[in-house]
Amino acid sequence: MSVAPADNLVTVTIDGVEVSVPKGTLIIRAAELAGVAIPRFCDHPLLEPVGACRQCLVEIPDAGNGRGFPKPQPSCTMTVADGMQVKSQQTSTQAAQAQRDVLELMLINHPLDCPICDKGGECPLQNQALEHGPGQSRYDGVKRTYVKPIELSPQLLLDRERCVLCARCTRFSEQISGDPLIGLLERGAKQQVGAWSDAPYNSYFSGNVVQICPVGALTSQAYRFSARPFDLVSTVTTCEHCAAGCQLRVDQRHYDVKRRQAGQDPSVNQEWSCDVGRFAFLSARGDDRLIRPLVRRDGQLQPASWPDAIDAVVAGLSRSQGRVGLQTGGRLTLETALSYARFARAVLGSDDIDFRARPQSEEEAQFLAAAVAGRSPDEAVSYADLERARRVVLVGFEPEDESPIVFLRLRQAVAQHGLQVQTMAPWLSPGARKLSAQLIATAPGAEAAGLAGLDGLDSDTVILAGERLATAPGALTALLTVTRASGAAWAWIPRRAGELAALAAGLLPGLLPGGRPLADAQARDQLTKSWGVETWPERPGRSAAEQFQAVLDGRLSALVLAGLELADLPDPALAAQALARADFVLSLEQRRSAVAELADVVLPVGLLEETSGSFIDWEQRSRPVAQVIDRPRSGLTEIRLLAVLSDALGSDLGWRDAAGAAAAWVGLPAWTGPRSPAPAVPAAPSAPAAAEADLRLATWRELIDDSRRLDRADQLAASARPVAARLAPATAARLGLAQAPQIELSGPAGSARFDLVLDSSLVEGVLWAPWRAPGRSLAACGLTPGGLVSVSSGGDR
């Protein structure tokens, strides 16, 4: 903890308590340090002061110059001065009366909605009216009313008569998220919050304005009228939707989660959350939730007892001993991932194991094993490093879509510290524009050359690389080369929350837990001594894509799949063909899915809220996952289920719950031996287009897309950005598409139609389209990121 030098401090006396604070500190902040609580509505520590509500008025008999102010002053906008004397409502009748007068004016038109208001029971206006306000109103006129509620967006409702014009929502939208779609309209008594245009308030962060609204004027469609705060049981946990590591507060009633709020963690998400983390928790609460095991009999999946299902699993896996592949996806906690890694290698005797349910490459596997696995938090980049950096370069990474809190922290650093952001991308996305980013125009697949050509890299530069670099040959090799040569820091930021935990647990071919290479005899011996496992596979296994091909070739006969979605895979058709061909498929799932429908046995597992453990965020920081619901509907946690299967197969998993897995992880000594070799893949030369109408495909997954995690979160899904493909005007003119309202993208397996947007920032010869959109999947068309796509007109403008 850094301590401010003495010459930067000023001493102020608040209610007789003397406190020294840095110059420029607001009176209201100094009062907090002195233990004095001053009521407020508009003040928020992460927003710029505005002095809108006047509730924080204090008396200042001495401003530090021997003279005082004749009237009370707002403590949220005035900074302290050396020798200043301040009296709050606790010691000044003048300040107390001023605050009562302000509250009385606010309550004149405020409706008596408390019995039905979502904010009732946790409302600052209620609390302050009780503590500081008048006991009885002197106003007997007719209160002002508005039509209510107004739908600002599919998930955001506004009750205007409740609003106290604190401007928290409008300041958040402008200063924090960069979506200034709402503002204070009109003037005087008619002033109100409203939208600047007919466009809905579709922001990835709109739920935050509901949480910070002090009076219940803004409410969410998803939670409105569903519970009262005093009926809820709250649990602090970590979000499961991306690698940002956001702290959440989950509120449940009668074992049913009603809402999720952003937690307060100043070092990570501060007090913010994206809308997916806030609202996308309903997907497994429908009729397709798996409660009982399913076993395929006579070609149909039928409910079965647990003993019968376990017997079927033992029979299927025993027939395929040594020829079993395991894939897990990115939803697992560290403890669950560690259990799968041990189950695969010590029980099944297989190193055919992979967590990457997405486009991947051998270069990426080498990069992860050599440079990311086993990296300590001291070696890694942190959120604080982003704020201290002079320059941040984004490569294969779109933070607003792929790690929203990283986006907010970057935007904060740009506004407060003048951070320079550069994005190596095919076009200047909406998120990049909000970061005032400089575009390093780069066609997909050319990132390696772009990295090699970066100038001015030094120790004050941070390069943030996304998982999409897996599809850019030589890019990850170039990342390591340029950072080692320049001293620049780097971080790899995957899209899903469980990927770094899975990597740490060794859910990758040739990689043991803690970054140990499977080929290293000392690494195997160390695990043998720590865990008591006698034998480990010595041959590096196959990646996820290689496993599917091995099934089709007859080299693998069984697959164990946990949390896998066919639509997430780079080649869904190949995966479905392999699942249909395999002798035995075991699916461990929370709900029925395309994978489960092709499985021979489906075992239900608990939701994240029904278990405990930890994630590892992109900073390599451990983030705790707390059990919110202590009655799992599926009966068994995933770890307990793997332990039962291990017992039935005549082996021992080594632990039976998350606490046992965590103890095994903590007891594992740090690996100080050699790492896996780093990748050495050259940059690929640009491939020529096969035809005049072929373009290079640039793509990524938008935050709100066609993902199954948004199921039953209808309002959230409705707030997605308009689906459109983008072309440079010159490219569209060359192809005769300048007047086309829609275009059709064609691949080997199908086609998809998109609205067309012309964007002058886009690299010529490149087409950008979202990887997944409602009713449209580029993977299902047989297209690959960075590959060629054929484009034709979908009609005239």
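This section reports on the structure supplied with the text. These numbers were taken from a predicted model, which means no experiment stands behind them. (Residues numbered from 1 in each chain as written. Predicted model: local features only at pLDDT ≥ 70, side-chain atom pairs only at ≥ 80, totals over all residues. Heavy atoms only, no water.)

Some points on the nonpolar core
The condition is simple: Buried residues of nine kinds, namely Ala, Val, Leu, Ile, Met, Phe, Trp, Tyr and Cys, make up a nonpolar core once their side-chain atoms join them within 4.5 Å. Partly exposed residues are those whose accessible area sits between 20% and 50% of the maximum for their type, while under 20% is buried and over 50% is exposed, using a 1.4 Å probe and protein chains only. Numbered from the N terminus, helices here are DSSP runs of H or I no shorter than four residues, and strands are runs of E no shorter than two. Any pair of residues with heavy atoms lying within 4.5 Å of one another is described as a contacting pair.
Within the largest apolar cluster, 181 residues are counted, with the highest numbers of intra-cluster contacts made by F367, I463, L464 and W618. A total of 8 residues in this core trace back to one element, the largest contributor, which is helix 8 (residues 334–347). Beyond its immediate stretch of four places on either side in the chain, F367 contacts V372, L476, L479, L480, W490, W492 and P679. Of all hydrophobic cores here, the second largest spans 24 residues; its members include L559, L574, A578 and V602.

A short note on helix 19 (residues 572–581)
Keep this limit in mind: The reported arc concerns the directions from the helix axis to the C-beta atoms and nothing else.
Every buried residue of helix 19 is listed here: P572, L574, A575, A578 and L579. Buried residues of helix 19, seen end-on, are gathered within an arc of 160° and therefore sit on one face of the element. Of the residues in helix 19, the exposed ones pointing more than 90 degrees away from the buried face are A573 and A580. In this structure, the buried side of helix 19 is in contact with helix 18 (544–553), strand 25 (558–562), strand 26 (584–589) and helix 20 (594–597).

Considerations on the packing of helix 7 (residues 306–319) against helix 21 (residues 638–648)
Defined as follows: Fitted lines through C-alpha atoms give the axes, limited to the stretch in contact for helices. The angle between two N-to-C directions lies from 0 to 180 degrees. Orientation labels follow simple angle bins: below 35 degrees gives roughly parallel, above 145 gives roughly antiparallel, 65 to 115 gives roughly perpendicular, and whatever is left gives oblique. With the far helix as reference, a near helix turned anticlockwise by less than a right angle produces a left-handed crossing, and one turned clockwise produces a right-handed crossing. The nonpolar class holds Ala, Val, Leu, Ile, Met, Phe, Trp, Tyr, Cys and Pro. Asp, Glu, Lys and Arg form the charged class, and all remaining residues, Gly among them, are polar.
Interhelical geometry of helix 7 versus helix 21 gives an angle of 60° and a closest axis separation of 10 Å. In terms of orientation, helix 7 and helix 21 fall into the oblique class. Crossing hand, helix 7 versus helix 21: right-handed. Judged by residue contacts, W306, I310, V313 and V314 of helix 7 engage L641, V644, L645 and A648 from helix 21. When grouped by side-chain class, the residues that make up the contact of helix 7 with helix 21 number 8 nonpolar, no polar and no charged.

Here we look at the sheet that holds strand 27 (residues 601–604)
Filter applied, for reference: When DSSP finds two or more bridges between a pair of strands, those strands are recorded as paired.
Across the sheet, 7 strands lie side by side as 15-14-27-26-25-16-17; this open sheet has mixed pairing. Across the chains shown, the open sheet's two edge strands, defined by having one partner strand only, are strand 15 (300–303) and strand 17 (353–354). Here strand 26 pairs with strand 27 via 4 bridges, running parallel. Counted as the bridge partner of S587 is V602 from strand 27. The strands that helix 7 touches are strand 14 (294–297), strand 16 (324–327), strand 25, strand 26 and strand 27; relative to strand 27, the one it contacts most, it runs at about 130°.

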